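Below, each chain spelled out in residue letters.
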Amino acid sequence: MSRPYTPHPRLDDCRVHGPGSGAELFLAEGESGAGAIAVLRNPSFQASLAMQGKPLNALRAPAGRVLENPLYRQLSLTLGMPLRDTGAIASDRSGNRAGDGAEAADPGLPASLRFDRVLLLFDPDADGIHIGALLLMFFSRWMRPLLAGGRVHMVRPPLYALEWVAGDSGEILSAHAYSEPHLRHLMGALTSAGAQQLRAHHYRGLGGIARETLRSTCIDPATRQSQVMRLDDAREAVAVFSPNQA
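Just so we're clear, the structure is a prediction, and the values are computed from it rather than from any experiment.

> Would you take a moment to explain the packing of helix H4 (residues 126–142) against helix H8 (residues 231–241) for this structure?
Angle between the axes and distance between the axes are the two parameters that describe a pair of packed helices. Two elements in contact, H4 and H8, have axes whose closest approach is 9 Å; the angle formed by their N-to-C orientations is 120 degrees. As far as their axial angle goes, H8 and H4 are oblique. The element H4 and its partner H8 pack so that their crossing is left-handed. Listed contacts from H8 to Ile129, His130, Ala133, Leu136, Met137 and Ser140 of H4 are Asp233, Ala234, Ala237, Val238 and Phe241. Considering only residue class, the contact of H4 with H8 consists of eight nonpolar, two polar and one charged.

> Would you mind showing me how to read the pairing of strand E4 (residues 117–121) here?
Consecutive residues of a regular strand have side chains that alternate between opposite faces of the sheet. Buried residues dominate E4, accounting for four of its five residues. The sheet contact formed by strand E2 (residues 24–28) and E4 spans five bridges and is parallel. Each bridged residue has a counterpart across the sheet, and for alanine 28 the counterpart in E4 is leucine 121. Of the pairings in the sheet, the one linking E4 to strand E5 (residues 152–155) comprises three bridges and is parallel in character. The partner of leucine 120 across the bridge, within E5, is methionine 154.

> Please clarify how unusual backbone geometry should be interpreted in this entry.
Note: most peptide bonds trans; most residues except glycine with negative phi. Unusually for a residue other than glycine, glutamine 197 sits at a positive phi of about 50 degrees. Tracing the sequence through the fold places glutamine 197 in strand E8 (residues 196–202).

> Hey, could you run me through the sheet that holds strand E6 (residues 160–165) in this one?
For sheets, the rule is that strands pair by backbone hydrogen bonds, running either parallel or antiparallel. Read across the sheet, three strands follow the order E7-E6-E8 without closing on themselves; strand pairing throughout is antiparallel. In this open sheet, the two strands that pair with only one neighbour each are strand E7 (172–177) and E8. Across the sheet, the mean angle from the axis of one strand to that of its neighbour is 20 degrees, orientation sign disregarded. The pairing of E6 with E7 spans six bridges and is antiparallel. Looking at E7, one finds that leucine 162 is bridged to alanine 175. On top of the sheet, helix H6 (residues 180–192) reaches E6, E7 and E8; it is set at about 5 degrees to E6, its chief contact.

Thresholds, definitions, all that
- Residues numbered from 1 in each chain as written.
- Predicted model: local features only at pLDDT ≥ 70, side-chain atom pairs only at ≥ 80, totals over all residues.
- Heavy atoms only, no water.
- Axes fitted to C-alpha atoms, helices over the stretch in contact; angles between N-to-C directions.
- Helix = DSSP H or I, 4+ residues; strand = E, 2+ residues; numbered from the N terminus.
- Parallel < 35°, antiparallel > 145°, perpendicular 65-115°, else oblique.
- Left-handed = near helix turned anticlockwise from the far one by under 90°.
- Contact = heavy atoms within 4.5 Å.
- Nonpolar A, V, L, I, M, F, W, Y, C, P; charged D, E, K, R; others polar.
- Buried < 20%, exposed > 50% of the residue type's maximum accessible area, 1.4 Å probe, protein only.
- Pairing = 2+ DSSP bridges.

This is how it looks when you write it as structure tokens:
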């Protein structure tokens, strides 16, 4: 007998649910990040769930620990999708990436699914990257149909804010950089174009990003920077963070 869904203190739920509803669940690194999302989201179809620290490595841990893990149990209840151990994802031993192929042909999504998308939104730092990789490994083994069906998205928060004065008009302009190479490229291009008083501000976490910037770059579906995650992305995460499981 399945357990009924009940609200959780770390969940800010939305009003619509179910397959085809457009409902999306943000997973945030902590209560501060989830709280910011809760304020800026559209409560009609966007929900946020706060994590507590780094998630358990669901590839290395025994099945019993995963099934009893508070975060994964709550995620299962929130999504309306049971935890099912499908084993480690296959890898191409020739060194080439294995395509999703047949794995994506059978989505296996339950009618009880409460959200159409899961959005992973973490701080733009090394810890955030690691947390994202751990969750990709979890989804690949315990909720593989979500990955195979393209329902897990990685949201990319900006790492830097740039501001400068246009050399020709004196107008104050701004942009965002999403990585160190991106920052160097933008600063070089702007300097060559005659930008004056060029400054870069390093965001230390989601809490340091201005609300409207966080809304436009991370939360609003029309303008946010996000990428659909696939099984190959999980394979890459395994290869980097848990190579003995590949």
